[in-house]
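What follows is each chain in one-letter form.
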Amino acid sequence: MSATNDKKLIVGNWKMNMNVHESSIFVHKLSKEIAVHRDVEVVVAPTFLALQPVSLQIERRQFKLASQNLYWRDHGAYTGEVSASQLRGLVDYAIIGHSERRHVFHEHDKDIRSKVQAAIRNGIKPILCVGETAHQRAAGETTDVIHDQLIGGLANVTSEEFSHITVAYEPVWAIGTGNNALPDDAKKAARSIRRQIEHLYGRKSAESLRILYGGSVKSDNAASYLATEGIDGLLVGGASLSVHDFSVIVAAAHDMEND
Ligand code: PGA
């Protein structure tokens, strides 16, 4: 796992969309649209089923793969789960603690923390998702929620291991709603995340941490987040299912680096 923190990171989370065949066709089309940029790292997170075939298809300088989840035990009697050790070598990243995992599948910080550790143990870089619900936001609890989720997810991660972590700020109310957060909200959240990381891991770790924004990122608003202080990339859901939109978003990241 090498440090690539100076690059913008664009992650497409396909969620439970596209079968293996469709995923393969999609990646083929995407590979024609997205140029290899040294300054932008592009990651796609298809269904578990498609990871293996897609991994044989892609040029890793062009795309990398992420799993959308993983299980924290390495093997054993855990029917239906996929472990970090099974994903080892196949994916570079794993999305961990996504709000759908937290809120639909009732994952708690304890599970998320074990998953973060399992990923690191298996050479997979965790993308730890944090963010508040609309209710928590209305109650003025955004900073506290993020704080608790960071503490919960990162407990036992050493300073050395921390260099492999990416944090995605994804306000729950902005995910899949078209109701995206203002760049200024993302800036404030990134600032408070960095402040907390500085407190936990020191200034260097805080400065080199990559923070992504996610929540209704589209081709027409991506640039505004990429230009936001403290935001180093994007976690894209719906818009990553369109070859055109996702390539526009990647191109925006490239343009930003070259301005
Ligand atoms: P969205 O999803 O872009 O469709 O809002 C983002 C995410 O869930 O990561």
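Quick caveat, the model's predicted, so the values are computed rather than measured. (Residues numbered from 1 in each chain as written. Predicted model: local features only at pLDDT ≥ 70, side-chain atom pairs only at ≥ 80, totals over all residues. Heavy atoms only, no water.)

A.B. asks: So what exactly am I meant to see when it comes to the site of the ligand here?
C.D. replies: Surveying the vicinity of the ligand reveals 14 residues, the closest of which are Lys15, His98, Glu170, Gly176 and Ser216. One nitrogen or oxygen atom from the main chain of Gly176 is found 2.6 Å from an oxygen atom belonging to the ligand. Gly237 places a polar main-chain atom, nitrogen or oxygen, 2.8 Å from an oxygen atom of the ligand. In isolation the ligand offers 280 Å² of accessible surface; the protein chains occlude 97% of this area. For the shell around the ligand, the residue count by class is 5 nonpolar, 7 polar and 2 charged. (Near = heavy atom within 4 Å. Polar contact = N/O pair within 3.5 Å; in protein donor to acceptor, adjacent residues only side chain to side chain. Areas by Shrake-Rupley, 256 points an atom, 1.4 Å probe, with all protein chains shown as cover. Nonpolar A, V, L, I, M, F, W, Y, C, P; charged D, E, K, R; others polar.)

A.B. asks: What exactly am I supposed to notice about the nonpolar core here?
C.D. replies: Counting 65 residues, the largest nonpolar core has Ile10, Ile193, Tyr213 and Leu234 as the members making the most contacts within it. Excluding anything up to four places from it in sequence, Ile193 contacts Val130, Ile146, Leu150, Val167, Tyr169, Leu209 and Ile211. Ala66, Tyr93, Ile127 and Ala168 belong to the second-largest nonpolar core, a separate cluster that totals 12 residues. (Core = buried A, V, L, I, M, F, W, Y, C linked by side-chain atoms within 4.5 Å. Buried < 20%, exposed > 50% of the residue type's maximum accessible area, 1.4 Å probe, protein only. Contact = heavy atoms within 4.5 Å.)

A.B. asks: Would you mind going over the pairing of strand S5 (residues 125–130) with me for this structure?
C.D. replies: If a strand is regular, its side chains alternate between the two faces of the sheet. The buried fraction of S5 is high, at 6 of 6 residues. Here 4 bridges tie strand S4 (residues 93–96) to S5, and the two strands are oriented parallel to one another. Directly across from Ala94, in S5, lies its bridge partner Pro126. Looking at chain direction, S5 and strand S6 (residues 166–169) are connected through 4 bridges and run parallel. Note that in S6 the partner of Val130 across the bridge is Tyr169. (Helix = DSSP H or I, 4+ residues; strand = E, 2+ residues; numbered from the N terminus. Pairing = 2+ DSSP bridges.)

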